[in-house]
Structures are given as C-alpha cells and as structure tokens.
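Residues per chain, in single letters:
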Amino acid sequence: MGQYHTKGLYNTYKKNNKERDALDYYATPPEEVTNILNVLNLDLSCSYILEPCSGGGHMIKGILDYIKSKPHSREFWRVISTDIKDRESIVDSLDYQNGGTWDFLADDYPYNEDIEYVIMNPPYATIEPFVIRGLEIAQKGLLVLGRLQFLEGKGRYEAILKDNPPTDTYVYVDRIKCYKNGDFSNAESSAQAYAWFYWGKTKADKTPTLHWIRRAN
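A. Summary view of the pairing of strand β6 (residues 141–147). The element β6 is largely enclosed, with a buried count of six among its seven residues. Of the strand pairs in this sheet, strand β5 (residues 117–120) and β6 are connected by four bridges, and their pairing is parallel. Residue pairing across strands places I119 opposite L143, the latter belonging to β6. Between the parallel pair β5 and β6, the chain is carried across by helix α3 (residues 127–137), and the sense of this crossover is right-handed.

B. Quick peek at the packing of α3 against helix α4 (residues 154–161). Relative to each other, α3 and α4 sit at 5°, their axes nearing to 11 Å. In this view, α3 runs roughly parallel relative to α4, as classed from their interaxial angle. Residues I127, E128, V131 and I132 of α3 lie in contact with α4, whose contacting residues are R156, A159 and I160. Per-class residue counts for the contact of α3 with α4 are five nonpolar, no polar and two charged.

C. Quick peek at the packing of aromatic side chains. Scanning the model with the defined rule gives five aromatic pairs in all. Measuring from centroid to centroid gives 5.9 Å for Y109 and Y111, while their planes differ by 75°, and the two rings are edge-to-face. A relative accessible area of 2% places Y109 in the buried class. Judged by centre distance (5.0 Å) and plane angle (50°), the ring pair of F150 and F197 falls under tilted. In this pair, F150 is assigned in the loop between β6 and α4 and F197 in strand β9 (residues 194–200), connecting sequence segments 47 residues apart. Owing to a relative accessible area of 0%, F150 belongs among the buried residues under this scheme. Through a chain of ring-to-ring contacts, three or more aromatic side chains come together here, namely F104, Y109, Y111 and F130. Over the face of the ring belonging to F104 we find R133, whose NZ or CZ atom lies 5.9 Å from the ring centre.

D. Region of the structure containing the pattern of salt bridges. Scanning the model with the defined rule gives seven salt bridges in all. Between R87 and D83 there is a salt bridge; the shortest N-O distance is 3.6 Å. On the accessibility criterion, R87 (18% relative accessible area) is buried. Linking R156 and E128 is a salt bridge whose minimum nitrogen-to-oxygen distance equals 3.3 Å. With R156 in helix α4 and E128 in helix α3, this residue pair connects regions lying 28 residues apart in the sequence. Classification of E128 by relative accessible area gives buried; the value is 18%.

E. Broad picture of the nonpolar core. Core analysis: the biggest nonpolar cluster contains 29 residues, and I63, V79 and W196 have the highest contact counts within it. Counting only elements with at least two residues in this core, the list comes to α1 (30–40), α2 (58–68), β5, β6, β7 (168–172) and β9. Sort the elements by how many residues they give to this core and α2 lands first, with six residues. Excluding its chain neighbours within four sequence positions, the residues that come into contact with W196 are E32, V33, I36, M59, L143, V144, L145, D168, T169, Y170 and Y172. Residues V144, I160, L161 and W199 belong to the second largest nonpolar core, which totals 27 residues.

Reading guide: rules and limits
- Residues numbered from 1 in each chain as written.
- Predicted model: local features only at pLDDT ≥ 70, side-chain atom pairs only at ≥ 80, totals over all residues.
- Heavy atoms only, no water.
- Buried < 20%, exposed > 50% of the residue type's maximum accessible area, 1.4 Å probe, protein only.
- Helix = DSSP H or I, 4+ residues; strand = E, 2+ residues; numbered from the N terminus.
- Pairing = 2+ DSSP bridges.
- Right-handed = clockwise from strand over helix to strand, strands pointing away.
- Axes fitted to C-alpha atoms, helices over the stretch in contact; angles between N-to-C directions.
- Parallel < 35°, antiparallel > 145°, perpendicular 65-115°, else oblique.
- Contact = heavy atoms within 4.5 Å.
- Nonpolar A, V, L, I, M, F, W, Y, C, P; charged D, E, K, R; others polar.
- Phe/Tyr/Trp six-rings, centres within 6.5 Å; stacked < 30°, edge-to-face > 60°.
- Lys NZ or Arg CZ within 6 Å of the ring centre and 35° of its normal.
- Salt bridge = Lys/Arg side-chain N within 4 Å of Asp/Glu carboxyl O.
- Core = buried A, V, L, I, M, F, W, Y, C linked by side-chain atoms within 4.5 Å.

As structure tokens, then:
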C-alpha cells in the first residue's frame, strides 16, 4: 500500500470544527455491519478495533454482535469509539471503550497506534480524508460503508483509488437505508446506492475484486 498523508490535500477542511455537527450523521443499521463482517469473516480476536465516527453507536452494536457470535469472543479484544459530537449511545458502555469526543481528522486525535481495524460510515462530505486517515492508522484492514459513487471522481481517483483501491468492494443488490440523525422511525425507502469498501492490508493478493451483497433483512 502507498503512504497516505493529509497535509495540503484538504485546505478547505476546518479541523476541530464543531459546526460539522449533525453533519451528515446517518446511522448505519447494526445488522448490516454484522452482515458484512460475516461475509468477510474477519478474525477480530486479540484486536483493537476503532470506530471514529460512531454517532449513536449503531455500527458499534453491529461490530459487537459479530464478535460475540464467534468462538473467539472470550479472547481479548477492544472496540474503541469516538465522534466529533457527544451523542447518546444505544450500546451498553461496559461492552466497549468510549474514547471521547474527538475529530478524527485533527492533529491531536489520540488513537493512532495499535489499531488493527478501522470500521466506519464516515460523513460523505469528508469521506476522502476519513479514508486516507483510516488507511494511515489501520494495521490490518479498513472497512467503510459509503455511497457507491465513492468510486467516481478524478480527484478521488488521484488521491486514493489510483494507487490504493479497495481490495474488495461489496455492492448492495437491494437498497439499504442509513437513518438521518439516528432516527429509525423514518421508514421511507432509500434513494442512495450503498457499498462496503474494504482495504485488506494483510491480503497477499491486492487485486481489486467486485462482489455483490444482499441486505441482512
């Protein structure tokens, strides 16, 4: 993998800008997180796992449900969550480490070492720097839920996809919905096409591979 850096790439991005607020906060259905992890069949035992834009903890719940369903669930692991804004979590705080209110892209972000996996659904407006930072930090793998159009764009191609494309892209056959501001009461169907993008840093074959995935329900 190439060396990523954020310096100079995002001159319009304001670090520690608390006005990035509800800011593209669209909660991920927990069952879809568990679903993709089952498809990837990642061994998360003895791992440090970071979710840097955790919102209300919906993705954290999906990660924990996956880990606890596996035989290795009794082995050592740690799930750390952070978010730019303090939000009420749906997950019991005893099951994971609430890492506090931090901007993932800020220079003083504290969780930069010993992280094997970064798993996230970043704000789409800043998905590029989130992916770049995730690739800097994750030692084994980066898993990102994003709009399918993440694969488009000359700037994104030059900054990320040209030299470091995802090793695996899972496109949804049927539409899923991410819920604005964590409000799961809105039952309207989604107009967005989503995919999971996975960078397997320890995979021997890094040839980009396209897959299809069905939603959990």
